[in-house]
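# Commentary on secondary and tertiary structure
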Amino acid sequence: MKRFKVIWTKNAELDLELIIEYIKIDSIEIAKKIFIEIKQERNKLYTLPERKRVVPEFQQIGIVKYREIIYLTFAPKPKHLLSHTSQYSDNTH
């Protein structure tokens, strides 16, 4: 199966770090679980990058190589909507 190169934007990395730090305030275990699940979603991009949503703001101006992972969790506390943007490219070039 063909593999693609996945590059997280600096903003996506920072967002993920801040979100996990915020969740850790309430629960380290939930923060770990969410972190692992987001990384698993990211790993799916290596083989099927087009399965994730194109970033709408970029699509409007013709840029379609950026995808975002939207992760929604329903926890006892407030719901967290997590969105991360990654760029993918054909790893064969």
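No experiment lies behind these values; they were computed from the predicted model shown. Sequence positions are assigned chain by chain, starting from 1 and proceeding in written order. A pLDDT threshold of at least 70 governs which residues receive local features in this predicted model, and a stricter bar of 80 or more applies before side-chain atom pairs are shown or counted, although totals over entire chains, interfaces and linings include all residues. With hydrogens and water stripped out, all remaining heavy atoms of the structure feed into the side-chain values.

## Digging into the nonpolar core
- What we call a nonpolar core is a set of buried Ala, Val, Leu, Ile, Met, Phe, Trp, Tyr and Cys residues that are connected through their side-chain atoms within 4.5 Å. Burial classification: accessible surface area is computed with a 1.4 Å probe over protein chains only, and a residue below 20% of its type maximum counts as buried, one above 50% as exposed, and the rest as partly exposed. Within the largest apolar cluster, 14 residues are counted, with the highest numbers of intra-cluster contacts made by V6, W8, L16, I20, I23, I34 and I38.
- Secondary structure follows DSSP: runs of H or I at least 4 residues long count as helices, runs of E at least 2 residues long count as strands, and numbering of each begins at the N terminus. Counting residues per element, the ones that place at least two in this core are strand 1 (4-8), helix 1 (10-26), helix 2 (28-44) and strand 3 (66-73).
- Broken down by element, the residue count for this core peaks at five residues, all from helix 1.

## Focus: the environment of K39
- By the element assignment, K39 lies in helix 2.
- For the pair K39 and I69, spaced 30 residues apart in sequence, the C-alpha to C-alpha distance is 9.9 Å.

## Considering the confidence of the model for the protein
- Per-residue pLDDT for the protein has a mean of 79; in total, 76% of the residues score no lower than 70.
- Element-level pLDDT for the protein is lowest in strand 4 (residues 80-90), with a mean of 55, against a maximum mean of 91 in helix 1. pLDDT measures how confident the predictor is about each residue, on a scale from 0 to 100.

## Digging into the pattern of salt bridges
- The term salt bridge refers to a side-chain nitrogen of Lys or Arg lying within 4 Å of a carboxyl oxygen of Asp or Glu. Scanning all chains against the criterion turns up six salt bridges.
- Here E29 ties to K32 by a salt bridge, and the two come within 3.9 Å at their closest N and O atoms. Placement of the pair is E29 and K32 together in helix 2, with a separation of three residues, close to one helical turn.
- For K32, a relative accessible area of 47% translates into the label partly exposed.
- As a salt-bridge pair, K52 and E41 come within 2.3 Å of each other at their nearest N and O atoms. Note that K52 is positioned in the loop between helix 2 and strand 2 (53-54) and E41 in helix 2, a separation of 11 residues in sequence.
- If you follow the salt bridges from partner to partner, you end up with E41, K44 and K52 in one network.

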